[in-house]
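Given next are the chains, with one letter for each unit.
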Amino acid sequence: MKITDSIIEKHGLKLDEYTKIKDLLKREPNLLELGIFSAMWNEHCSYKSSRIHLKNLPTKGINVIQGPGENAGVIDIGDNDAIIFKIESHNHPSYIEPYQGAATGVGGILRDVFTMGARPIALLNSIHFGSPDHFKTKSLLNGVVSGIGGYGNCIGIPTVAGETKFNSTYNENILVNAMAVGHAKKDKIFYSKAKGLNKSVVYVGSKTGRDGIHGASMASAEFDENSEKKKPTVQVGDPFTEKLLMEACLELMKDNSIISIQDMGAAGLTSSSVEMASKGELGMELDLEKVPCREENMSPYEMMLSESQERMLIILEDEKEKEAKKIFEKWDLDFVVIGKTTNTNNLTLKYKNKLVGEIPIDALASKAPMYNRKWEKTNLPEKKINIKDLKKVKLEDALLKILSSSNQSNKNWITEQYDQMVMCDTAQKSGTDAAVIRIHNKEKAIAVTVDSSANYCKAHPLTGGKQIVCESWRNLISVGAKPIAITNCLNFGNPENPKIMGEFAECILGIAEACEFLDFPVVSGNVSLYNGTNKKSIFPTPVIGGVGLIKNTKNKINHSLKKEGNIIIQVGKTFGHLYQSVFFDEIHSIKEGPPPEVNLTNEKNNGETILKLLEKNLLFSVHDVSAGGMLLSLAEMSLSSNLGLKIERPKELSNIMEYYFGEDQGRYLIEIEKKNTDVIQKILKENNIFNEIVANVQKDYFEVVGELKIKINDLYNINNKWYYNY
Amino acid sequence: MNSSVIVFPGSNCDRDVAIALEKLEFKNKMVWHKETSLPKSDLIVIPGGFSYGDYLRSGAIAGKSNILNEVIKAANNGCLILGICNGFQILTEAGLLKGVLLRNQKLKFIGKDVSTKVITNDNRFFKKYANEQILKMNIAHNEGNYYTDQDHLKALEDKNLIALKYCDEKGNTNKENNPNGSLNNIAGIFNDKKNILGMMPHPERMVDNVISNRDGVNLFSSLLN
């Protein structure tokens, strides 16, 4: 078949990219080969617009065993224990088909983790929807939450933390990011790099169907002739099969049969085979007739591009086939040798004894296009508002409006659709600053959190990038964990627009600077570009997944108030920054101005000092101050317990709203016993940290003296009413 | 005491319950669903999860599996059988317990801690608890809405075969504290001989203060000789 310009375009390739393909092949590709190039050279697999910027991220550290480039990142938590984790987006499929899109997002990220030899121990998610009033939001929200729960609950991995946000920027393009965390033995980690010649390449898992074949490729000439066979481009998930695949893989991993293993995620058989061969600097020959197919008469093109779920490719040691096959048969899964490693450095595809495609591996991997796209800097917006000119509001009205808003209201109605307890190691569930998961059969635990701040990133990407890393770090500190490393999911708009490309470049610079300073490296991640509709891009939304270590699970701490008579100290200084705050947005609909400044020195110092106070057992509860400022954080401390607070207004206050709702960074609230006040304030002072006593723990009422006094129960109802009215 | 935990493809609480049993010094064996005989067992546990993916209907395929024939034989010989969550659903599908577990009333998965009340301690499973003792238990299910016909309900009540009911923190059982719509707040029931218990809450998740509480410990320890 003649490759025409229109076929090239339908494969999502540019004409100059096609010229490059011809140069690399020294001939014209056939349709199968073109499909393979399109799958490997698209943004999702090749990172062609982002690679050049991703190099700026710090990826090394004493605890890093494996940084970006593998299925997931790996960190060392001592005693031969390793934690393997990654976050990934499933935005576009979730908008088209929310249940399956979200479910397969969870399934895909779990495979990335157990492929490396880890038993998954926790799932997290960051989901962003359009305005609650938008006609699609409710059904998308419902579908995504059910899909996340449906997959995680069934496979039996607890979904322990997450964030759900609403903003009209996502009206036509929601974000669904899923993170999986697993535990492995440090000396039993499996990689995707192929090794050795003539080794068996084995296909395991589900059969291949026509689901998920690349959308752009769907409309190719070959398909037009058989259009009745077209299936949706969204993959369909089967958590039951994934559970079997996971158990079978983990069982096989107990001995030394596996040379390398790779899950078939995006671009299915194509990307898994190319990645394994490319890393091993080998060739690979596949006999496509042997691929287990779910449907009849599937073409090599369809087999190579199918994104059917729950499949893996394994390269086995010689003579291990029989034992390995037995394990997969026990779990009722397909196990078929479909090819072998070669020394040709080509991807060689055969079908019915004929050569149907042959492409040099490096043309698909290292020689894929890389662009240094034009990008523009975002200047720091000016501060143009005088708070005295704004309409007067009462502190009480502002607080209650914020507490009952879609973004700040209680999200239990979501987390109660997830099994958070299965595996019996969840020591702290969602609703806390970070979830705490005990390492099975050990005293230690990890803390995990996901965070994003799209408003800050939109206003000033460089500051926003720094801020989310700091927020992740603070959330881990707030549960008593030492922050170790992060994974990131970079959700941005169209990179061909220099403004958007600039948001991407500068968010990365911000993330990199904060990670470097806090010694909090990036070990894995994912880039999702082209989020938007009709040339209108979403707000830049990098999502950070943080992991920290708690030496003894018993030392975990949370933010719920513990004892009447205790006092609350705020650690860190309040300057009253209201631009880009929840207060400006919810109360005054002001969306302009710069995000709060990030001072990395203070951030590090404050966090490390909190950990010192925790080591001395001086703290009863800890909470970070973030969106909504000090008053919202205090309210959250009350809401998660049955205790109230008596908050004294400082005598000299330039503006009460700035003081209580300002979103200055680097702050924590700590609950302490009155008798320890001097000791604690002395330690804070020695570390040059500004602090002030802000409240007393009391019974029943949440109170700001002279401003408001509300029964805890009423506060709780207000915080929960948004969903019940939705 | 010898215990066996049946493992179906898709079971996911098998490890959790085995750990709880071993903590209490049961000699436990895991039994794969393809086995055609059971090891010597004083107690058989059918754990929670999504056996066979819950395809067709929760517990329906497991209820007809080979190993279940062996479980039925053992039950008829008086062996103690405990079905938790999906295990409860399987026991009803296999006919070892009467009634059905329907979709939760609000058609959503429910995963949270709830209060439950021991209705009778006059049996092997709850003898270490007080009557009306309130236990904080975790539930996690899609189909926990117990339903049965009026005659059977009457028999359950008359013969004291209701094991657990959902309640509030003070022990009141009413609509407000019924998480899934189950008939009369029923969370667990016995067969006539009281050697079979099916319950939706997960006692194996309540054996460790670091994670939750120890409200489930006595259920397992009650079964030790």
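Just above sits the structure.
A brief structural summary. The shown structure was predicted, so the numbers you read here are calculated from the model rather than taken from an experiment.

**A word on the overall build of chain A**
Part 1 of the reasoning: When helices and strands are counted, chain A shows 26 helices and 28 strands.
Part 2 of the reasoning: By the compact-globule yardstick of 27 Å for 726 residues, chain A fits well, its C-alpha radius of gyration being 26 Å.
Part 3 of the reasoning: Its C-alpha atoms give chain A principal-axis dimensions of about 85 × 50 × 45 Å.
Part 4 of the reasoning: Counting every position in chain A, which comprises 726 residues, the buried fraction comes to 58%.

**Some words on the overall build of chain B**
Part 1 of the reasoning: Helix and strand counts for chain B stand at 5 helices and 11 strands.
Part 2 of the reasoning: Expressed as a percentage of its 225 residues, the buried residues of chain B come to 55%.
Part 3 of the reasoning: Excluding contacts between residues fewer than 6 apart, the proportion of contacts in chain B whose partners are at least 24 apart in sequence is 75%.

**Overview of the packing of helix α23 (residues 629–639) of chain A against helix α26 (residues 712–725) of chain A**
Residues and elements named next belong to chain A.
Part 1 of the reasoning: Where α23 contacts α26, the axes come no closer than 10 Å and their chain directions differ by 110 degrees. The angle between α23 and α26 places the two elements in the roughly perpendicular class. Seen from α23, the contacting residues are Ala635, Ser638 and Leu639; seen from α26, they are Ile712, Leu715, Tyr716 and Asn719.
Part 2 of the reasoning: Of the residues in the contact of α23 with α26, the class split is 5 nonpolar, 2 polar and no charged.

**What about the interface of chain B and chain A?**
Part 1 of the reasoning: In this assembly, 20 residues from chain B lie in contact with 25 residues from chain A.
Part 2 of the reasoning: Sorting the residues of the side of chain B that touches chain A by element identifies α1 (14–23), β6 (110–118) and β7 (134–141) of chain B as the ones contributing at least two each.
Part 3 of the reasoning: Partitioning the side of chain B that touches chain A into residue classes produces 9 nonpolar, 6 polar and 5 charged.

**Re helix α14 (residues 321–330) of chain A**
All names here are of chain A.
Part 1 of the reasoning: Among the residues making up α14, those that are buried are Ala324, Ile327 and Phe328. In an axial view of α14, the angular spread of the buried residues amounts to 95 degrees, which keeps them on one side of the axis. Facing away from the buried side of α14 by more than 90 degrees, the exposed set consists of Lys322, Glu323, Lys326 and Glu329.
Part 2 of the reasoning: Buried residues along α14 sit against β7 (200–205), α11 (239–252), β10 (311–316) and β11 (334–342).
Part 3 of the reasoning: Positive backbone phi, approximately 55 degrees, marks Asp332, located one or two places after α14.

**Looking at the sheet that holds strand β4 (residues 80–84) of chain B**
Residue and element names in this part refer to chain B.
Part 1 of the reasoning: If you walk across this open sheet you meet the 9 strands as β2-β1-β3-β4-β11-β10-β9-β6-β7, and the pairing is mixed. Edge positions in the sheet fall to β2 (27–32) and β7, since each has one partner strand and no second. The average undirected angle you get between the axes of adjacent strands in this sheet is 25 degrees.
Part 2 of the reasoning: With 3 bridges connecting them, strand β9 (residues 162–167) and strand β10 (residues 186–190) associate as antiparallel partners. Along β10, the bridge assignment pairs Lys165 with Ile186.

**So, the pairing of strand β17 (residues 482–491) of chain A**
Consecutive residues of a regular strand have side chains that alternate between opposite faces of the sheet.
All names here are of chain A.
Part 1 of the reasoning: β17 sits mainly inside the fold: 9 of its 10 residues count as buried.
Part 2 of the reasoning: By the bridge criterion, 9 bridges tie β17 to strand β21 (residues 541–550) in an arrangement that is antiparallel. Pairing of Lys482 across the sheet is with Leu549, part of β21.
Part 3 of the reasoning: With 6 bridges joining them, β17 and strand β18 (residues 522–528) adopt parallel strand pairing. Bridging from a neighbouring strand, Asn491 pairs with Ser528 of β18.
Part 4 of the reasoning: Taken together, β17, helix α20 (residues 498–518) and β18 form a β-α-β motif whose crossover is right-handed.

**Focus: the pairing of strand β3 (residues 43–46) of chain B**
Residue and element names in this part refer to chain B.
Part 1 of the reasoning: What you see with β3 is no split at all: Leu43 and Val45 on one side and Ile44 and Ile46 on the other are buried throughout.
Part 2 of the reasoning: Both β3 and β4 contribute to a ladder of 4 bridges, which runs parallel. Its bridge partner being in β4, Leu43 is matched across the sheet by Leu80.
Part 3 of the reasoning: A crossover connection joins β3 to the parallel β4 through helix α2 (residues 66–76); in handedness this β-α-β unit is right-handed.

**Brief notes about the sheet that holds strand β12 (residues 346–351) of chain A**
All names here are of chain A.
Part 1 of the reasoning: Taken in spatial order, the 7 strands make up an open sheet running β8-β10-β7-β11-β9-β12-β13, and their pairing is mixed. In this open sheet, the two strands that pair with only one neighbour each are β8 (258–263) and β13 (354–360). Adjacent strand axes in the sheet meet at a mean angle of 25 degrees when their direction is disregarded.
Part 2 of the reasoning: On top of the sheet, helix α12 (residues 268–280) reaches β8, β9 (283–287), β10 and β12; it is set at about 140 degrees to β8, its chief contact.

**Comments concerning the environment of Phe702(A)**
Part 1 of the reasoning: By secondary structure assignment, the location of Phe702(A) is in strand β27 (residues 701–704).
Part 2 of the reasoning: Beyond its immediate stretch of four places on either side in the chain, Phe702(A) contacts Ala635(A), Ser638(A), Gly644(A), Leu645(A), Ile710(A), Ile712(A) and Leu715(A).

**Examining the environment of Ile477(A)**
Residues and elements named next belong to chain A.
Part 1 of the reasoning: Of note, Ile477 is situated in helix α19 (residues 461–477).
Part 2 of the reasoning: The spacing of Ile477 and Ala447 is 30 residues in sequence and 9.0 Å in space, taken between C-alpha atoms.
Part 3 of the reasoning: Those residues in contact with Ile477 that sit more than four places away from it in its chain are Pro483, Gly607, Ile610 and Leu611.

**Here's the deal with the nonpolar core**
Part 1 of the reasoning: In terms of nonpolar packing, the biggest core is built from 290 residues, with Ala447(A), Val448(A) and Val469(A) touching the most fellow members.
Part 2 of the reasoning: If you tally residues by element for this core, the top one is α20(A), at 11 residues.

**Observations concerning the environment of Gly593(A)**
Residue and element names in this part refer to chain A.
Part 1 of the reasoning: As for its position among the elements, Gly593 is in the loop between α21 (582–588) and α22 (600–615).
Part 2 of the reasoning: Taking the C-alpha atoms as reference points, Gly593 and Asn719, 126 residues apart in sequence, are found 28 Å from one another.
Part 3 of the reasoning: Setting aside residues no more than four positions away along its own chain, Gly593 makes contact with Pro381, Lys383, Ile385, Ala459, Tyr579 and Gln580.

Cut-offs and rules
Residues numbered from 1 in each chain as written. Chains lettered and ligands numbered in written order. Predicted model: local features only at pLDDT ≥ 70, side-chain atom pairs only at ≥ 80, totals over all residues. Helix = DSSP H or I, 4+ residues; strand = E, 2+ residues; numbered from the N terminus. Rg over C-alpha atoms; globule rule 2.2 N^0.38 Å. Buried ≥ 20, exposed ≤ 12 C-beta atoms within 10 Å, placed from the backbone. Contact = placed C-beta atoms within 7 Å. Axes fitted to C-alpha atoms, helices over the stretch in contact; angles between N-to-C directions. Parallel < 35°, antiparallel > 145°, perpendicular 65-115°, else oblique. Nonpolar A, V, L, I, M, F, W, Y, C, P; charged D, E, K, R; others polar. Arc of directions from axis to C-beta. Pairing = 2+ DSSP bridges. Right-handed = clockwise from strand over helix to strand, strands pointing away. Core = buried A, V, L, I, M, F, W, Y, C linked by C-beta atoms within 7 Å.

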